[in-house]
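Chains, contacts and geometry: an overview
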Amino acid sequence: MKKVLALGSLVALVLFTSGCVEGGFGGLMGVGVEEKEQPDDLLQVKNENIDPPELSAGDKFEYSFELVNLFDVESAREVDVNLYNTGRCELTDDKGSGRDLGTVYPEATRVLEWDLEAPSNNELRSMSHTCDLMYQVDYNFNASTTADLYIMDSETDRNSDVAQVSPTTRKSRGPLKIDVEFGGTQPFRENSLVSFQVALRNAGAGELENLDYSDINIEVEGLDGFNKGDDNNGDGNCQPPAGDWSDDARFHEGQTSPILCDFQQGSIDGPIKTLTVKAEVNDYTYTLYGKNSVTVEPIRSPVS
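Source: prediction; values computed, not measured. (Residues numbered from 1 in each chain as written. Predicted model: local features only at pLDDT ≥ 70, side-chain atom pairs only at ≥ 80, totals over all residues. Heavy atoms only, no water.)

Brief notes about the overall build of the chain
Put simply, the rule reads: Only DSSP runs of H or I with at least four residues qualify as helices, and only runs of E with at least two residues qualify as strands; both kinds are numbered from the N terminus onward. Only protein chains enter the accessibility calculation, which uses a 1.4 Å probe; a residue is then buried when its area is under 20% of its type maximum, exposed when over 50%, and partly exposed in between. Note on definitions: a residue-residue contact is assigned when non-hydrogen atoms from the two residues lie within 4.5 Å. Throughout, the Shrake-Rupley method with a 1.4 Å probe supplies accessible areas, and for residues the shown protein chains are the sole cover considered.
Secondary structure assignment for the chain yields one helix and 19 strands. Per-residue burial over the chain gives 46% buried out of 304 residues. Intrachain contacts of the chain at a sequence separation of at least 6 include 79% that bridge at least 24 residues. Surface accessibility of the chain: about 14500 Å² in total, with carbon and sulfur atoms responsible for 42%.

In structure tokens, the structure reads:
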């Protein structure tokens, strides 16, 4: 399942507050631990170059840039680069406009080059012209976030040492963030309703397209019977914003509306039980867009 994300303003913000004392949806006891995030964009275009930088009508030139994997562990998969618009400048490269790079490994740099030709004097009609060179970079990646969820029995004093928990948040890496927020104070009591919400945030520089709410997998590890529910009959533990899992996950000011989830926690064995909320989007496609420009001067005949 390949979903497309375009680079624009994809920022889905529901703060992952399982490590905070207070939050917009609910507070937590103790000081949580948040794992340091990697750079938001997995791939980045650097060192764009037009050679020669000054062009006259009919000149041949080369456009190039470096594509760098900023991460030290994860690879970008199914990487495709396309120089999709060159204006009046003509693409003369034998390889065409597209480049299939396959996998770009951690901290690797790939160099992309295209041969082009400036418009002729007849095309310029004695006027300067600017060619806009527009490219896109597509790559696939996974997003996964996990958060600790503590349950306390009914006999334990909330102020006791055993109830002073430090929930750990392991944040999703890459441009698509998945944020989880709990709707109450941790640890939750046994035999009570536990609620949380899940939302997407685009921390890269693009826009998200063709991703719907059914693509977000939600589990509670260590809890029997939890079912997100994808069939819109209301029997699942989670509810998408408009009640339909097939709806597009639309971003407004960089964030989606949250999915709301809850479950009834029964009795536990012992004073404290630890569960893990896991939310993930697998094999999404992120698209970076960029543009460079070059000015072409006409060749003017000498004035006699």
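What to know about the pattern of salt bridges
Pairing between side chains of opposite charge can happen when the charged atoms of each approach one another. Where we set the bar: Every case where a carboxyl oxygen of Asp or Glu lies within 4 Å of a side-chain nitrogen of Lys or Arg is listed as a salt bridge.
By the definition in use, this model includes nine salt bridges. For K278, the salt bridge identified is with E280, shortest N-O distance 3.8 Å.

Some words on the packing of aromatic side chains
The test is simple: The criterion for an aromatic pair is that two Phe, Tyr or Trp rings (for Trp, the six-membered ring) have centres within 6.5 Å, with stacked assigned to planes under 30 degrees apart, edge-to-face to planes over 60 apart and tilted to the rest.
Under the definition given, this model contains 10 aromatic pairs. For the pair F65 and W114, a centre-to-centre distance of 5.5 Å together with 45° between the ring planes defines the contact as tilted. Here the residue F65 occupies a position in strand β5 (residues 60–69), and W114 occupies one in strand β9 (residues 109–117), the gap between them amounting to 49 residues. Exposure remark for W114: the relative accessible area of 0% places this residue in the buried category.

Notes on the environment of G225
By secondary structure assignment, the location of G225 is in the loop between β16 (217–221) and β17 (238–239). Through-space distance from the C-alpha of G225 to that of N237 is 9.4 Å; in sequence the pair is 12 residues apart.

Here's the deal with the sheet that holds strand β3 (residues 43–51)
As a reminder, the rule being used: Strands pair, by our definition, only if DSSP identifies at least two bridges between them.
Read from one edge to the other, the open sheet built from four strands follows the order β3-β5-β9-β7, with strand pairing classed as antiparallel. The open sheet has two free edges, formed respectively by β3 and β7 (90–91), since each of these has just one partner strand. Pairing geometry for β5 and β9, over nine bridges, is antiparallel. The residue bridging L67 from the neighbouring strand is R110, located in β9.

What to know about the state of the cysteines
How we decide: Note that a disulfide, as used here, is simply two cysteine sulfur atoms within 2.5 Å.
Overall, the coordinates contain two disulfides when judged by the stated rule. Between the sulfur atoms of C89 and its disulfide mate C131 the distance is 2.1 Å. What sets the handedness of the C89 and C131 disulfide is the S-S torsion sign, and at about 90° it is right-handed. Separated by 42 residues along the polypeptide, C89 in the loop between β6 (76–85) and β7 and C131 in strand β10 (residues 129–152) bring together distant segments of the chain. Judged by relative accessible area, C89 falls into the buried class, the value being 2%. Its relative accessible area of 0% is what places C131 among the buried residues. Disulfide pairing is shown between C238 and C261; the S-S distance is 2.1 Å. The S-S bond linking C238 to C261 shows a torsion near 110°; that makes this disulfide right-handed. Of the two residues, C238 is situated in strand β17 and C261 in strand β18 (residues 259–265); the sequence distance between them amounts to 23 residues.

Examining the confidence of the model for the chain
Heads up, the rule is: A residue's pLDDT is the confidence the predictor assigns to it, expressed on a 0 to 100 scale.
The predicted model of the chain averages 87 in pLDDT, with 86% of residues at 70 or higher. Low pLDDT, under 50, characterises residues 2–24; the predicted model gives this stretch 121 contacts beyond four residues in sequence or across chains. A low-confidence stretch, residues 26–32 stays under pLDDT 50, and its non-local contacts, those more than four residues away or across chains, total 36 contacts.

Here we look at the sheet that holds strand β12 (residues 176–182)
In space, the four strands of this open sheet follow the order β12-β14-β18-β17, with antiparallel pairing throughout. Pairing within the sheet leaves two strands with one partner each, and these edge strands are β12 and β17. As paired elements, strand β14 (residues 192–202) and β18 share seven bridges and run antiparallel to each other. Its bridge partner lying in β18, V198 is registered against I259.

Re the nonpolar core
Within soluble globular proteins, side chains that are nonpolar generally end up buried alongside one another. As a reminder, the rule being used: Residue types Ala, Val, Leu, Ile, Met, Phe, Trp, Tyr and Cys, when buried and joined through side-chain atoms within 4.5 Å, form a set referred to as a nonpolar core.
Within the largest apolar cluster, 66 residues are counted, with the highest numbers of intra-cluster contacts made by L43, F196 and I218. Tallying contributions element by element places β10 first for this core, with 10 residues.

A look at unusual backbone geometry
Note the cis peptide between D51 and P52, where omega equals 0°. With respect to the helices and strands, the residue P52 is situated in the loop between β3 and β4 (55–56). In this structure, P187 follows Q186 across a cis peptide bond, with omega equal to 0°. As for its placement among the helices and strands, P187 is situated in the loop between β12 and β13 (188–189).

Looking at the side chain of Q265
Of note, Q265 is situated in strand β18. A relative accessible area of 3% means that Q265 is categorised as buried. Those residues in contact with Q265, other than ones at most four positions away along the chain, are I151, R189, E190, N191, S192, V194, L223 and L275.

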